[in-house]
Amino acid sequence: QVRLTESGGGLVQPGGSLRLSCAASRSINSIYTMGWYRRAPGKQRDMVATITSGGSTNYAASVKGRFTISRDNAKNTVYLHMNNLKPEDTAVYYCNARRSFSDTAHVDYWGQGTQVTVSS
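Remember, predicted model here, so these are calculated numbers, not experimental data.

1. Focus: the state of the cysteines
One pass over the full model with this rule turns up one disulfide. Each sulfur of the disulfide joining cysteine 22 and cysteine 95 lies 2.0 Å from the other. Torsion about the S-S bond of the cysteine 22 and cysteine 95 cystine: about -80 degrees, corresponding to left-handed handedness. Within this pair, whereas cysteine 22 is found in strand β3 (residues 18-24), its partner cysteine 95 is found in strand β9 (residues 91-100), the two being separated by 73 residues in sequence. What makes cysteine 95 buried here is its relative accessible area of 0%.

2. Focus: the pairing of strand β8 (residues 77-82)
Counting buried residues in β8 gives five out of six residues, a clear majority hidden from the surface. As judged from the six bridges shared by β3 and β8, these two strands associate in the antiparallel manner. Paired with leucine 20 across the bridge in β8 is leucine 80. With six bridges connecting them, strand β7 (residues 67-72) and β8 associate as antiparallel partners. Residue threonine 68 lies in a different strand from β8, and its bridge partner there is histidine 81. Taking the residues between adjacent antiparallel strands as the criterion, β7 and β8 are bridged by four residues, where asparagine 76 takes a positive phi near 55 degrees.

Rules used throughout
- Residues numbered from 1 in each chain as written.
- Predicted model: local features only at pLDDT ≥ 70, side-chain atom pairs only at ≥ 80, totals over all residues.
- Heavy atoms only, no water.
- Disulfide = S-S within 2.5 Å.
- Helix = DSSP H or I, 4+ residues; strand = E, 2+ residues; numbered from the N terminus.
- Buried < 20%, exposed > 50% of the residue type's maximum accessible area, 1.4 Å probe, protein only.
- Pairing = 2+ DSSP bridges.

See the structure below:
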């Protein structure tokens, strides 16, 4: 079991920046792929960015070049640095920890979410 706690959301103007943090309740350094997902009003939850235990990253096309995911295994924390924010980035952002057992079997843990609103 892993408990995830997000922080860092808020209201920001278009073009601004925010950093989201996700603190895990236990070590994430060798087992878990960590990720950020978001759900905009009236839409499904979509992947924003993921980072493996080895540091490989993957980004949604809509955020590539603007967002950066990183992890500090010593602090059991994952970050999402968001630059040049746009109104369409407005969503609830969720932290995810995925433990994979095989190519088809895994377990997901989710945080409660943090609201990001981009508006002037």
